[in-house]
Amino acid sequence: MSAAVTTCGARAGVVGVGASVVRGPWCEQPASSAARSRVPPRRERAADDAKVRPDVWDMVGSSLTRLGCVVVLALALVGCRRRAEPPALFERLTPSTTGVTFENRVPDDTAVNILNFLYYYNGGGVAAGDVDGDGRPDLYFTSNLGSNRLYLNRGGYRFEDVTDRAGVSGPSGWKTGVTMADVNGDGRLDIYVSTVSYLALRGRNALYVNNGDGTFTERAREYGIDQQGYSTQAAFFDYDADRDLDLFVLSFSTHDDRSMIAAAKRSVRSVRGGGRLYRNDGGRFVDVSAEAGIYGGFEGFGLGVVVSDLDADGCPDIYVANDFQENDFLYRNNCDGTFSESIARATAHTSRFSMGVDAADVDNDGLPDVLVVDMLPDRESILKTSASSEDFDLFTQRLRAGYHPQFARNTLQWNRGQDRFSDVGFLAGVHATDWSWAALLADLDNDGRKDVFVTSGIYRRPNDLDYIEFV
């Protein structure tokens, strides 16, 4: 292309080649040096050219415009070509392939249902651990009303149901969470099942001690942990550094969430609800909740618990996720057998309807972070057709009653050290996962970073506006 370039004309769009780049016949075109040295054409030929040149330019301009559009379209198509999809990270295996046929069936019943039991659709629990010592993780499922099931891992993603032979079909009552731990320190995993006694349902928490021969013996009463109440989940850990496992049992409550009491009432211990800490004294567990600083009020609707050394002092701390207006509890281990509840000091706010919780080092800075899942829908249609007890008046009432600020969304509490956390859930893009139950932080793709897995969903959404209008 030559040196002379013409850029005049507001109606740009025609591209020329040769001595000049011209945008249309409406531009004044500077002549090249070669053109200035030529002999001027005859007057009559110039007149003919003057009649023809506009039409020629129009044809050239139109052709080049079409060519430009074709080029742009081709580039756009290349740019919009879909990238090759990465291979699926997981493959769903059918019950016929794995042998895991467990189902937690909750029937429609006039005696116990969603209208008289708030957590009727909360589901059960699952634990994974090597109970037979063959190096492969086995599975134990709890059924709210049916039989619990134990599946031994036979390798190759094949499992065998050994529930009846092992003697672990579960206690009576409404079964909720399950935990595997070596409770008696004999090197074998035992199974602890949480239960609820409510309405016509009667049951106690059960401890299945591993006999080492493929069978288990229920010994919760002997160990002092056959708790009867509203147990949700349990965590075994050595809080007092005496080299045996102690026990924290999480419970919910059954009062109407619209009732609100002063925050100081949480220190009054509930008979069936509230958190409980059991110290292992040589194989016998003793309730030390009050002396250790664990709240036991009936306002605690505990749905999730995680144990982690959040302040990196070598002593395990406890985070409790509470549904409804009660604060989440962050029990900081004082390393002397007591805990200090510090959620208001450690966080600016928490989730409102806290359901599940997990702790892991999300940003690889050496400090565990805390993810709490709530119920904020990620679909606008669900958000607009669901009721919420969250409004500004209720928010201010809770603050005046002494509750910590809460917002109805997931929170990812980034551990800044020095017992301080900042919620970065929005920034991380994990603030809305709808009606969520449990959170899992784990490196699922082996890239050195923690990923997030959330279980969510609710059968017959009880906060649907049409349903509320009907009832």
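Residues numbered from 1 in each chain as written. Predicted model: local features only at pLDDT ≥ 70, side-chain atom pairs only at ≥ 80, totals over all residues. Heavy atoms only, no water.

Draft legend 1. Quick look at the pairing of strand 21 (residues 411-417). Taking burial as the measure, the seven residues of strand 21 include five buried ones, the bulk of the element. Direction of pairing for strand 19 (residues 369-373) relative to strand 21: antiparallel, over a ladder of three bridges. Bridge pairing in strand 21 links Val 372 to Thr 411. In this sheet, strand 22 (residues 420-423) lies alongside strand 21 in antiparallel orientation, the contact comprising four bridges. When the sheet's bridge partners are listed, Gln 413 is paired in strand 22 with Asp 423. The hairpin turn running from strand 21 into strand 22, its antiparallel successor, is two residues long, and Gln 418 in that turn takes a positive phi close to 55 degrees. (Buried < 20%, exposed > 50% of the residue type's maximum accessible area, 1.4 Å probe, protein only. Helix = DSSP H or I, 4+ residues; strand = E, 2+ residues; numbered from the N terminus. Pairing = 2+ DSSP bridges.)

Draft legend 2. Expanded view of helix 9 (residues 392-400). Looking at helix 9, one finds that the buried residues are Leu 394, Phe 395, Thr 396 and Arg 398. Check the buried side of helix 9 and you find it contacts strand 20 (406-407). Where helix 9 terminates, the next one or two residues include Gly 402, which has phi positive at roughly 100 degrees. (Contact = heavy atoms within 4.5 Å.)

Draft legend 3. Seen up close, the state of the cysteines. Counting across every chain of the model gives one disulfide. Two residues, Cys 315 and Cys 335, share a disulfide whose sulfurs are 2.1 Å apart. Since a negative S-S torsion denotes a left-handed disulfide, the Cys 315-Cys 335 link at about 130 degrees is right-handed. You can see Cys 315 sitting in the loop between strand 13 (301-308) and strand 14 (317-323) and its partner Cys 335 sitting in the loop between strand 15 (329-333) and strand 16 (339-341), a full 20 residues away along the chain. With relative accessibility at 14%, the residue Cys 315 sits in the buried group. Assessed through its relative accessible area of 40%, Cys 335 is described here as partly exposed. (Disulfide = S-S within 2.5 Å.)

Draft legend 4. Summary view of the sheet that holds strand 6 (residues 190-196). Strands sit in the order 5-6-7-8 across an open sheet of four strands; the sheet is antiparallel. At either margin of the open sheet sits one strand with a lone partner, and together these are strand 5 (174-181) and strand 8 (216-218). Neighbour to neighbour, the strand axes of the sheet diverge by 20 degrees on average, direction disregarded. Taken together, the three bridges between strand 6 and strand 7 (residues 206-210) define a ladder with antiparallel strand orientation. The residue bridging Tyr 192 from the neighbouring strand is Leu 207, located in strand 7. (Axes fitted to C-alpha atoms, helices over the stretch in contact; angles between N-to-C directions.)

Draft legend 5. Molecular detail of a nonpolar patch on the surface. A contiguous nonpolar surface patch, about 560 Å² in accessible area, is contributed by Leu 115, Leu 465, Ile 468, Phe 470 and Val 471. Residue Val 471 is classed as exposed on the basis of its relative accessible area, which comes to 60%. (Patch = residues over 30% accessible without salt bridge, like charges linked within 9 Å, V, L, I, M, F, W, Y side chains within 5 Å. Areas by Shrake-Rupley, 256 points an atom, 1.4 Å probe, with all protein chains shown as cover. Salt bridge = Lys/Arg side-chain N within 4 Å of Asp/Glu carboxyl O.)

Draft legend 6. Representation of the confidence of the model for the protein chain. Confidence along the protein chain averages 84 in pLDDT terms, with 80% of residues attaining 70 or more. Within the model, pLDDT remains below 50 along residues 1-53, and this stretch shows 47 contacts once partners closer than five positions in the same chain are excluded. (pLDDT = per-residue confidence, 0-100.)

Draft legend 7. Spatial organisation of the sheet that holds strand 15. Pairing is antiparallel in the open sheet, where four strands are placed in the order 13-14-15-16. Each edge of the open sheet is held by one strand with a lone partner, namely strand 13 and strand 16. Pairwise comparison of adjacent strand axes, ignoring direction, gives a mean angle of 20 degrees for this sheet. As judged from the three bridges shared by strand 15 and strand 16, these two strands associate in the antiparallel manner. The residue bridging Asn 333 from the neighbouring strand is Phe 339, located in strand 16.

Draft legend 8. Quick look at the packing of aromatic side chains. Enumeration according to the criterion identifies 24 aromatic pairs in this entry. Taken together, a centroid distance of 5.7 Å and an interplanar angle of 90 degrees make the contact between Tyr 192 and Phe 236 edge-to-face. Of this pair, Tyr 192 sits in strand 6 while Phe 236 sits in strand 9 (residues 231-237), and the two are 44 residues apart along the sequence. Relative accessible area serves as the criterion here: at 1%, Tyr 192 is assigned to the buried category. Ring centres 6.1 Å apart and planes at 90 degrees place the aromatic pair Phe 324 and Phe 353 in the edge-to-face group. You can see Phe 324 sitting in the loop between strand 14 and strand 15 and its partner Phe 353 sitting in the loop between strand 17 (350-351) and strand 18 (356-360), a full 29 residues away along the chain. (Phe/Tyr/Trp six-rings, centres within 6.5 Å; stacked < 30°, edge-to-face > 60°.)

Draft legend 9. Representation of the environment of Leu 199. The residue Leu 199 is located in the loop between strand 6 and strand 7 in this model. In this structure Leu 199 comes out as partly exposed when scored by relative accessible area, which is 34%. For the pair Leu 199 and Gly 173, spaced 26 residues apart in sequence, the C-alpha separation works out to 9.9 Å. Leave out the neighbours within four places in its chain, and Leu 199 touches Ala 111, Val 112 and Asn 116.

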